[in-house]
Amino acid sequence: MPGPATERSATDGPATDRSAAHPPPACSAAGPPARGITPQSHLARRNPTIKLLAVILIALALTFIFDPFTPAVLFLLTFLCGLLLGGLSVRALLRPLWVFVLAGVAILLANIFFNKENAVSPALVYIGPVKITGPALWAAGTLWVRLLCFALLSIVFVKTTEPQRLILSLVHQVRLNYRVAYGTMVGYRMLPAFQRDYQTIRAAQRVRGVGERTGFLHLWSRMRRYTIPLLAGAVRKAGRTAVAMDARAFGALPNRTYRERMVVRPSDWLFLAAAVAVTAAVVVGLWYAGITRFTIE
Amino acid sequence: MLGPSGSGKSTLTLCLDGLIPHLIEGDYTGEVVVAGLVVGDSPVHLLAQEAGLVFQDPDAQFCTLTVEDEIAFGLENLRHPPEEIEAAIDRALSWVGLEGYRPRHLATLSGGEKQRVALAAVLAMGPRVLVLDEPSANLDPKATSELFRLLRRLARDGRHSLVIIEHKLDELIDWVDSVLALAPGGRLLFRGDPAQAFYDDVDRLSDAGVWRPQTTELVAALREVGWDVPGSPLSIEDTAAALAGTPGLMDRLRQVGQQGSGWGQASPSEQREIHLETQGLSFRYPGGHPALTDVSVALRRGDFLAIAGANGAGKSTLASLVTGVLEPPPATVFLDGRDVVGMSTQALSGQVGYVFQNPEHQFVSNTVSGELAFSLSPKAGRKGAGHLTTQQRELVDDWLTRLGLLRLAEANPFSLSQGQKRRLSVAAMLIRGQSALILDEPTLGQDELQAARLMAMMQQFRAGGGTVAMISHDMRLVCEYAESLLVLSQGRAVYLGSPDGFFSQPELVGASGLAVPALGRVCAALHALAGTPEGLHTVEAFLRAAGTPAARTSAAAAPAAGAAGASALDGDV
């Protein structure tokens with residue numbers, strides 16, 4: 001098995017097993033699982049940039065495929081991969097998909113009414129005055145399964161990737177400017193607080209007798225009422241964080257060191273190659289079987 | 001470092017770290033020297049190693065996600081080699097007493113732990129000067145005491161100089177070497193010895209709105225009525241000793257204690273009708289642990305109830321349930337004897353006001369007058385005062401005058417000062433004519449003058465029959481203003497009764513994550529020292545008990561029996 005994807009950033013010296021160097025402290029039982037210790041699942045140990053690259057390549061392949069069956073097979077494989085290699089539960093994998101399942105209805109309706117093949121294709125069935133054609137259903141099915149596949153790829157990626165490891169990896173492997181990278185991470189850190197503030201502001205204004213009227217006309221005034229306090233708070237908080245970062249010499253020197261450095265190991269390259277090979281095998285195999293169709297003939 | 005809101009305290013701390021003038025724009029003249037470095041001529045990364053800054057909001061000063069990364073952050077910026085950083089993390093964590101917290105996510109820490117991590121992150125960079133900008137503002141009383149104990153240890157080891165901006169002076173005053181006070185506009189008001197600051201020059205400081213240590217307030221008040229308190233005591237122990245050495249004072253207190261509650265307030269509230277009540281209220285957030293368990297409390301008309309407890313004890317949940325922000329279970333919350341579950345949010349919020357911690361969250365209008373107008377008629381709040389009746393417009397003007405905001409009627413509420421924002425948000429509640437008001441930490445970040453003005457508003461509201469419940473971490477405020485106190489601990493009501501009764505039980509106070517206010521500790525020290533009665537927690541209570549020394553002749557005739565007096569009092573409390 002490949003070792004952990006992180007190691008000391010010392011230029012020489014062997015990779016030290018961090019879990020051995022820092023045994024989990026007694027108090028960690030009180031908190032959530034520790035970060036910084038070797039991630040457990042195979043997918044979580046992969047270098048985030050390489051993993052991201054794999055996701056992007058598969059997603060790119062999907063955009064050239066125009067049939068519902070090929071993305072369905074890839075969906076299934078992604079699902080199995082998340083289950084077996086990512087150590088994710090069925091619930092964790094499928095639960096966030098419900099929005100995208102609902103989006104299928106919108107895609108279907110859009111195709112029934114607006115697909116440009118509708119005018120020239122024979123009707124499969126009429127629902128009242130609405131004509132439903134084969135190409136409309138085909139396109140709707142394809143787009144829907146493709147969307148689900150994109151979504152699942154993202155879910156598997158997000159749930160097996162520590163944000164901080166991704167940021168570090170983008171700095172180390174993609175040479176992203178570290179100032180930009182840390183700025184992004186601080187922004188990410190603030191999102192939950194932003195959500196909490198939104199809830200508080202809603203409650204705070206409701207007790208002032210602000211009706212929660214949902215009409216379209218009230219949308220503007222409601223948005224403005226929530227946005228101004230939310231932004232005022234966020235801007236102030238961001239300013240404070242910026243000062244706190246500056247106070248600790250962030251960006252004062254042209255470069256910085258890293259306590260842990262993300263590295264790309266042979267096993268990461270192997271993972272990428274396997275992902276590409278499996279995707280290619282599925283597409284080529286189904287194409288031979290006459291199932292896969294492409295957007296560009 | 002002391003001064004009212006907006007007097008430039010934080011600005012001065014930024015100068016110590018070189019953020020001013022290097023990174024924050026503005027006109028900068030004069031010279032700042034920190035640890036031998038001229039700030040204007042030294043690069044920020046050198047200054048960052050000499051002066052470390054800890055800020056008020058623990059969440060806004062973190063740059064990473066875990067404890068170890070947070071401590072490493074500054075060292076990485078200074079290009080320390082990784083091996084050194086690993087050792088420095090462990091060292092810094094042991095300094096702040098957080099061994100074993102290394103891999104924890106910052107989001108899972110309590111407020112007190114977060115501030116200690118922030119301190120460790122700064123200490124790891126090896127500064128000789130530590131600058132703390134209201135580090136306890138977001139902490140509960142117990143976490144505050146722990147943080148101050150830690151700071152005191154750091155100050156004692158002789159390696160660090162500390163600069164602290166703080167409103168809560170009571171915990172700090174006995175180990176502060178010198179005091180710097182700024183006046184509005186950033187002018188120097190005072191610089192020198194703390195005893196001089198709070199005795200000789202105290203008028204200048206309190207006129208400017210600076211919080212004073214309670215001990216000095218007590219000594220000044222006793223002197224004013226004629227007691228001859230010796231010296232200039234600051235700490236609890238010195239104050240107790242000085243009071244014990246005041247001719248005649250101990251005899252008087254012992255005598256009053258023996259007579260019973262010579263200073264106890266008669267509580268006429270039992271005659272008034274119950275206004276707001278919870279009965280066996282329990283609440284659990286969806287998917288969460290119980291936030292409140294079996295809380296029963298009744299407020300009578302005109303009551304002032306304080307709600308205290310450690311962070312996360314369920315105070316805000318209780319407030320949310322009573323005000324309809326959260327829906328309580330049926331038959332648990334009653335307003336004038338009616339179950340609130342049957343009432344609409346609108347109807348309930350017309351009766352019970354809820355002032356949130358952050359005034360900005362409740363602003364709904366573009367102008368100050370619009371905020372008040374909105375409460376009278378939402379349409380007028382949106383479209384301008386033209387939609388108000390003449391009577392309503394007079395009411396708005398009347399409130400603006402009372403708030404001192406008439407000049408700023410057309411200003412944006414976000415542009416007001418902290419104190420003005422707070423008073424406006426309270427006024428926007430009161431103008432609707434609600435009969436009960438719940439306030440969540442109303443004095444947070446307010447200086448003494450602002451807090452006093454806010455409390456005056458509350459007393460006026462109560463005089464008109466209004467009922468007040470106030471969540472607060474400020475135990476001094478609780479003792480001075482609240483009639484009754486509800487203490488929550490992990491969602492349970494562990495105490496309901498007079499504030500004096502609670503603070504006479506130090507074990508319960510500690511177990512609830514709270515702290516006895518300074519005068520309570522002076523009282524306890526005197527009790528141990530001279531057998532004077534317990535239960536004196538405010539300047540007012542001391543004055544009532546002590547009376548004036550002119551009446552001393554009659555008091556001297558009574559035999560002094562300290563222990564007996566104290567036990568007689570215990571029964572009374």
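Predicted, not measured: the structure shown is a model, and the values here were computed from it. (Residues numbered from 1 in each chain as written. Chains lettered and ligands numbered in written order. Predicted model: local features only at pLDDT ≥ 70, side-chain atom pairs only at ≥ 80, totals over all residues.)

*Asks:* If you had to explain the overall build of chain B to someone new, which residues and values would you point to?
*Replies:* Looking only at helices and strands, chain B has 26 helices and 17 strands in total. Radius of gyration (C-alpha) of chain B: 26 Å, near the 25 Å computed for a compact globule of 573 residues. Summarising its shape, the C-alpha atoms of chain B cover approximately 70 × 70 × 50 Å along the three principal directions. Of all 573 residues assigned to chain B, the portion counted as buried reaches 52%. Sequence-distant contacts in chain B: of pairs separated by 6 or more residues, those separated by 24 or more amount to 67%. (Helix = DSSP H or I, 4+ residues; strand = E, 2+ residues; numbered from the N terminus. Rg over C-alpha atoms; globule rule 2.2 N^0.38 Å. Buried ≥ 20, exposed ≤ 12 C-beta atoms within 10 Å, placed from the backbone. Contact = placed C-beta atoms within 7 Å.)

*Asks:* Tell me what's going on with the overall build of chain A, and back it up with residues and numbers.
*Replies:* When its secondary structure is counted, chain A shows 11 helices and four strands. In chain A, which comprises 297 residues, the share counted as buried stands at 29%.

*Asks:* Which residues make up the nonpolar core, and what values do they have?
*Replies:* Grouped together as the largest cluster of nonpolar side chains are 80 residues, with contacts concentrated most on Ile307(B) and Leu485(B). Here the element with the most residues in this core is helix α18 (residues 418–430) of chain B; it accounts for six residues. Excluding residues within four positions of it along the chain, Ile307(B) makes contact with Lys315(B), Leu318(B), Ala469(B), Met470(B), Ile471(B), Leu486(B) and Leu488(B). Judged by nonpolar contacts, the second largest core, of 76 residues, contains Ala247(A), Val54(B), Val67(B) and Leu234(B). (Core = buried A, V, L, I, M, F, W, Y, C linked by C-beta atoms within 7 Å.)

*Asks:* Summarise helix α1 (residues 9–16) of chain B; cite the residues concerned and give the values.
*Replies:* Residue and element names in this part refer to chain B. The buried count for α1 comes to six of eight residues, which makes it a mostly enclosed element. For α1, the complete set of buried residues consists of Lys9, Leu12, Thr13, Leu14, Cys15 and Leu16. Close packing links the buried residues of α1 with α2 (19–22), β1 (33–34), β3 (51–54), β4 (129–133), β5 (161–165) and β6 (179–183). Just downstream of α1, Gly18 is the residue with a positive phi angle, here 80°.

*Asks:* Describe in detail the sheet that holds β3(B), supporting the description with residues and values.
*Replies:* Residues and elements named next belong to chain B. Strand order in the open sheet formed by three strands is β3-β4-β5, with parallel pairing between adjacent strands. Pairing within the sheet leaves two strands with one partner each, and these edge strands are β3 and β5. Here the average twist between neighbouring strands, direction ignored, is 15°. Pairing of β4 with β5, which is carried by five bridges, proceeds in the parallel orientation. Each residue of the ladder has a partner; that of Val129, found in β5, is Ser161. Lying over the sheet, helix α6 (residues 111–123) contacts β3 and β4, oriented at roughly 165° with respect to β3. (Pairing = 2+ DSSP bridges. Axes fitted to C-alpha atoms, helices over the stretch in contact; angles between N-to-C directions.)

*Asks:* Which residues make up the domain arrangement of chain A, and what are the values?
*Replies:* Residues and elements named next belong to chain A. Each assigned domain of chain A is listed here: domain 1 (43–168 + 262–288) and domain 2 (176–261). Taking only C-alpha atoms into account, the centre of domain 1 sits 32 Å from that of domain 2. Taken together, the contact pairs six residues of domain 1 with six residues of domain 2. The dominant element in the side of domain 1 that touches domain 2, judged by the number of residues it contributes, is helix α8 (residues 163–173), at four residues. Taken together, the residues of the side of domain 1 that touches domain 2 sort by class into five nonpolar, one polar and no charged. (Domains from an automatic or database assignment. Nonpolar A, V, L, I, M, F, W, Y, C, P; charged D, E, K, R; others polar.)

*Asks:* Describe the sheet that holds strand β13 (residues 352–355) of chain B, with residues and values.
*Replies:* Residue and element names in this part refer to chain B. Within the open sheet, the six strands sit side by side as β13-β14-β15-β10-β16-β17. Their pairing is mixed. The sheet is open, and its two edges are formed by β13 and β17 (492–497), each paired on a single side. Strand after strand, the sheet turns through a mean of 15° between neighbouring axes, direction not considered. Here strand β10 (residues 304–308) pairs with strand β15 (residues 467–471) via four bridges, running parallel. Bridging from a neighbouring strand, Phe304 pairs with Val468 of β15.

*Asks:* Tell me about unusual backbone geometry, and name the residues and values.
*Replies:* Of note, the bond from Ile20(B) into Pro21(B) is cis; its omega dihedral lies within 30 degrees of zero at 10°. Residues other than glycine seldom take positive phi values, yet Ala249(A) does so here, at roughly 65°. As for its placement among the helices and strands, Ala249(A) is situated in the loop between α10 (216–247) and β4 (260–262). Residue classification places Ala249(A) among the buried positions, given that 26 C-beta atoms sit within 10 Å. At Ala331(B), a residue that is not glycine, the phi angle is positive and equals roughly 55°. By the element assignment, Ala331(B) lies in the loop between α13 (315–323) and β11 (333–335).

*Asks:* Can you break down the interface of chain B and chain A residue by residue, with the values?
*Replies:* Across the contact, 59 residues belong to chain B and 53 residues belong to chain A. Broken down by secondary-structure element, the contributors of at least two residues to the side of chain B that touches chain A are α3 (44–50), α4 (67–77), α5 (82–95), α14 (345–351) and α16 (378–383) of chain B. Considering every element that reaches the side of chain B that touches chain A, the biggest residue donor is α4(B), with seven residues. Of the residues belonging to the side of chain B that touches chain A, the class tally is 28 nonpolar, 18 polar and 13 charged.

*Asks:* I'd like to hear about the confidence of the model for chain A, residue by residue, with values.
*Replies:* Residues at a pLDDT of 70 or more form 84% of chain A, whose mean pLDDT is 83. Every residue in residues 1–38 of chain A scores below 50 in pLDDT, and together they form 62 contacts with partners more than four places removed in sequence or on other chains. (pLDDT = per-residue confidence, 0-100.)

*Asks:* I'd like to hear about the pairing of strand β16 (residues 484–489) of chain B, residue by residue, with values.
*Replies:* Put simply, side chains in a regular strand alternate between the two faces of the sheet. Residues and elements named next belong to chain B. Burial runs high along β16: five of the six residues are buried. Across four bridges, the pairing between β10 and β16 is parallel. From the neighbouring strand, Ile307 faces β16, where its bridge partner is Leu486. From the end of β16 to the start of β17, which pair antiparallel, there are two residues, and Gln490 there has a positive phi angle of about 50°.

*Asks:* Could you give me a rundown of the confidence of the model for chain B, with the residues and numbers involved?
*Replies:* Low-pLDDT stretches of the model should not have their predicted coordinates read in fine detail. Residues and elements named next belong to chain B. Chain-level statistics for chain B give a pLDDT mean of 88 and a share of 93% at 70 or above. In the model, residues 552–573 has pLDDT below 50 throughout and makes 43 contacts with residues more than four positions away in sequence or in other chains. In the predicted assembly, ipTM is 0.83 and pTM is 0.82.

*Asks:* Hey, could you go over helix α11 (residues 236–244) of chain B for me, with residue numbers and the actual values?
*Replies:* Residues and elements named next belong to chain B. Among all positions in α11, only Ile236, Thr239, Ala240, Ala242 and Leu243 are buried. The buried residues of α11 occupy one face: seen down the axis, they fall within an arc of 165°. Buried residues in α11 make contact with α10 (214–224), α12 (249–259) and α23 (518–530). (Arc of directions from axis to C-beta.)

*Asks:* Mind laying out the environment of Val364(B), listing which residues take part and the relevant values?
*Replies:* With respect to the helices, strands and loops of the structure, Val364(B) is situated in the loop between β13 and α15 (368–376). When the C-alpha atoms of Val364(B) and Ala208(B) are compared, they prove to be 32 Å apart, with 156 residues separating the residues in sequence.

*Asks:* Can you tell me about the pairing of β4(B), naming the residues and giving the values?
*Replies:* Residues and elements named next belong to chain B. Burial within β4 is extensive, with four of its five residues counted as buried. Alignment of β3 against β4, held across four bridges, turns out to be parallel. What sits directly across from Leu53, in β4, is Val131. With helix α7 (residues 141–156) bridging β4 and the parallel β5, this β-α-β connection has right-handed handedness. (Right-handed = clockwise from strand over helix to strand, strands pointing away.)

*Asks:* Pulling in residues and values, what's your account of the environment of Gly280(B)?
*Replies:* All names here are of chain B. With respect to the helices and strands, Gly280 occurs in strand β8 (residues 274–284). Taking the C-alpha atoms as reference points, Gly280 and Val333, separated by 53 residues in sequence, lie 8.8 Å from one another. Contacts of Gly280, omitting those with residues within four sequence positions, involve Asp294, Ser296 and Thr332.

*Asks:* I'd like a description of the packing of α11(B) against α23(B), backed by residues and values.
*Replies:* Residue and element names in this part refer to chain B. α23 packs onto α11 with a crossing angle of 50° between their chain directions and a minimal axis gap of 9 Å. Classed by the angle they form, the pair α11 and α23 counts as oblique. Here α11 and α23 pass one another in a crossing that is right-handed. Where α11 approaches α23, its residues Ile236, Glu237, Thr239, Ala240, Leu243 and Ala244 are matched on the opposing element by Ala518, Arg521, Val522, Ala525, Leu526, Leu529 and Ala530. Across the contact of α11 with α23, the residue classes tally to 10 nonpolar, one polar and two charged. (Parallel < 35°, antiparallel > 145°, perpendicular 65-115°, else oblique. Left-handed = near helix turned anticlockwise from the far one by under 90°.)

*Asks:* Account for the environment of Gly226(B), with residues named and values stated.
*Replies:* Residues and elements named next belong to chain B. If you trace the backbone, Gly226 turns up in the loop between α10 and α11. Note on Gly226: 13 C-beta atoms within 10 Å, which makes it partly exposed. C-alpha of Gly226 to C-alpha of Gly547: the two residues are 321 residues apart in sequence and 9.4 Å apart in space.

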